[in-house]
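What follows is each chain in one-letter form.
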Amino acid sequence: MEEYTREPCPWRIVDDCGGAFTMGAIGGGIFQAIKGFRNAPMGARYRFRGSLNAIRTRAPQVGGSFAVWGGLFSTIDCGLANVRGKEDPWNSISSGALTGALLAARSGPVAMVGSAVMGGVLLALIEGVGIMLTRFTATQFQNGPHQFLDEPSQLPVKDVSTGGFGVYGQGQYQ
Amino acid sequence: MRCFYSLLFKVKRHLIEVSLGGSWTGWLSGLGMDNNSKNRGFNLLSGSMQPPPPTDYLGPASSMNVPLPGMSQLSPYLSIDPRYLTQDIEEFILPTGANKQRGRFELAFFTIGSSCLTGAGFGALNGLRLGLQETRDMQWAKPRNVQILNMVTRQGAAWANTLGSLALMYSVFGVGLEYVRGAEDELNTLAGGTCTGMLYKSTGGLRGLARGGLAGLTLSSLYAIYNGWDRIKIYLQRQRV
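Residues numbered from 1 in each chain as written. Chains lettered and ligands numbered in written order. Predicted model: local features only at pLDDT ≥ 70, side-chain atom pairs only at ≥ 80, totals over all residues. Heavy atoms only, no water.

Caption draft 1: Geometry of the state of the cysteines. Residues and elements named next belong to chain A. In total, this model carries one disulfide over all chains according to the counting rule given. A disulfide bridge connects Cys9 with Cys78, and the sulfur atoms are separated by 2.2 Å. Taking the sign of the S-S torsion, about -110° here, the bridge from Cys9 to Cys78 comes out left-handed. In this pair, Cys9 sits in helix H1 (residues 9-39) while Cys78 sits in helix H2 (residues 44-84), placing the two residues 69 residues apart along the sequence. Owing to a relative accessible area of 11%, Cys78 belongs among the buried residues under this scheme. (Disulfide = S-S within 2.5 Å. Helix = DSSP H or I, 4+ residues; strand = E, 2+ residues; numbered from the N terminus. Buried < 20%, exposed > 50% of the residue type's maximum accessible area, 1.4 Å probe, protein only.)

Here is the structure:
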């Protein structure tokens, strides 16, 4: 868990499919448990039974539809990476949009466009958060010239060669 | 990357096979090609199957009439009893801070995804079979195609959901057991399989519970035997020797 790296490409499809199924089944299970509890007739016994029944019947279905999403997304992602020869956020965003469009194909072109936009925006948000996180953690480890500047013994050095040292330190970690 | 993770860093010292036969030529070849993981078959053939008589070559140490156990037939320069070097455990070279084994959590998603996809494939085939069977006396036209297609998609989805949730339950049980026990072995597999079967059939009363548990235990023990066949073979060979 501590070092979560993704699988190489053909196996990534299976992995993403499983991850999406897990997410959908567990999340859908919790959701359906609450829903079944509320919709059941009065009495604790009936309520828990309704909750269990809802989980049993609905959670695998929710997981399955999530798994379809994840598997299709990953397949398109891998295909794009193979065709374009590089892996970048645009792959994920466009494969999210394509997945949304493909899965809404039976509802007509308008629904396809809407769900493609939804998928693209969702994946763009996820990728954006990932990039932001990477930037943020990168700045944590940045050890530029300010360490030396604060140290008293280094102060005269800073006065003598401010330009070269500062430029060097700033340019390195951008 | 995680899939080939263990394969990449799995460098066995091929001393296991040698320790079975107890022959020095095998030990030598194991020593010479220590980090080469491709000479397993070679070792098996030359090392443990036909052990040469160990008193073939009496080194210079034997002229001193000093009985040294386990050495001196090999080389005068070797002053270590090779038996201390033989280790029965598999050795891995791991990156710093990594676990000794890939746990169940790392494999869980792959397991779930592969069973989901397998279920989808088999379900689609079954749906095709059922659809063709049901619409046998219809003429080959659009309604029949649509009916067959509906059957295929419905069956595929149903099987994928069933197998996926079974794998999910098994993975959750396995990860939980591994976490609770702090160990990873066949017992986790067996207990996880049994619990999965029991949970899956828990709506059918006590009888269903027992039946599901038995089915899970059978399947998981078959899997455990298949998975640990190498170790079982080594164990049996050792018993025979």
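Back to the write-up after that little detour.
Caption draft 2: Representation of the confidence of the model for chain A. Residue and element names in this part refer to chain A. Summary statistics for chain A give a mean pLDDT of 80 and a share of 78% for residues scoring 70 or more. With pLDDT under 50 throughout, residues 159-164 is counted as low confidence; its partners more than four residues away or in other chains account for zero contacts. When the criterion is pLDDT under 50, residues 166-174 qualifies, and its contacts beyond four places in sequence or with other chains add up to four contacts. (pLDDT = per-residue confidence, 0-100. Contact = heavy atoms within 4.5 Å.)

Caption draft 3: Fine view of the pattern of salt bridges. In total, this model carries five salt bridges over all chains according to the counting rule given. Linking Asp77 of chain A and Arg12 of chain A is a salt bridge whose minimum nitrogen-to-oxygen distance equals 3.8 Å. Remark: Arg12 of chain A occurs in helix H1 and Asp77 of chain A occurs in helix H2; sequence separation between them is 65 residues. With relative accessibility at 5%, the residue Asp77 of chain A sits in the buried group. Of the charged contacts in the structure, one is a salt bridge between Arg231 of chain B and Glu186 of chain B, with a shortest N-O distance of 3.3 Å. Residue Arg231 of chain B is found in helix H9 (residues 229-240), and its partner Glu186 of chain B is found in helix H7 (residues 186-200); the two are separated by 45 residues along the sequence. Arg231 of chain B gets classed as exposed once you look at its relative accessible area, which sits at 55%. Residue class for Glu186 of chain B comes out partly exposed when judged on its relative accessible area of 28%. Where salt bridges share partners, they join Arg12, Asp77 and Glu87 of chain A into one cluster. (Salt bridge = Lys/Arg side-chain N within 4 Å of Asp/Glu carboxyl O.)

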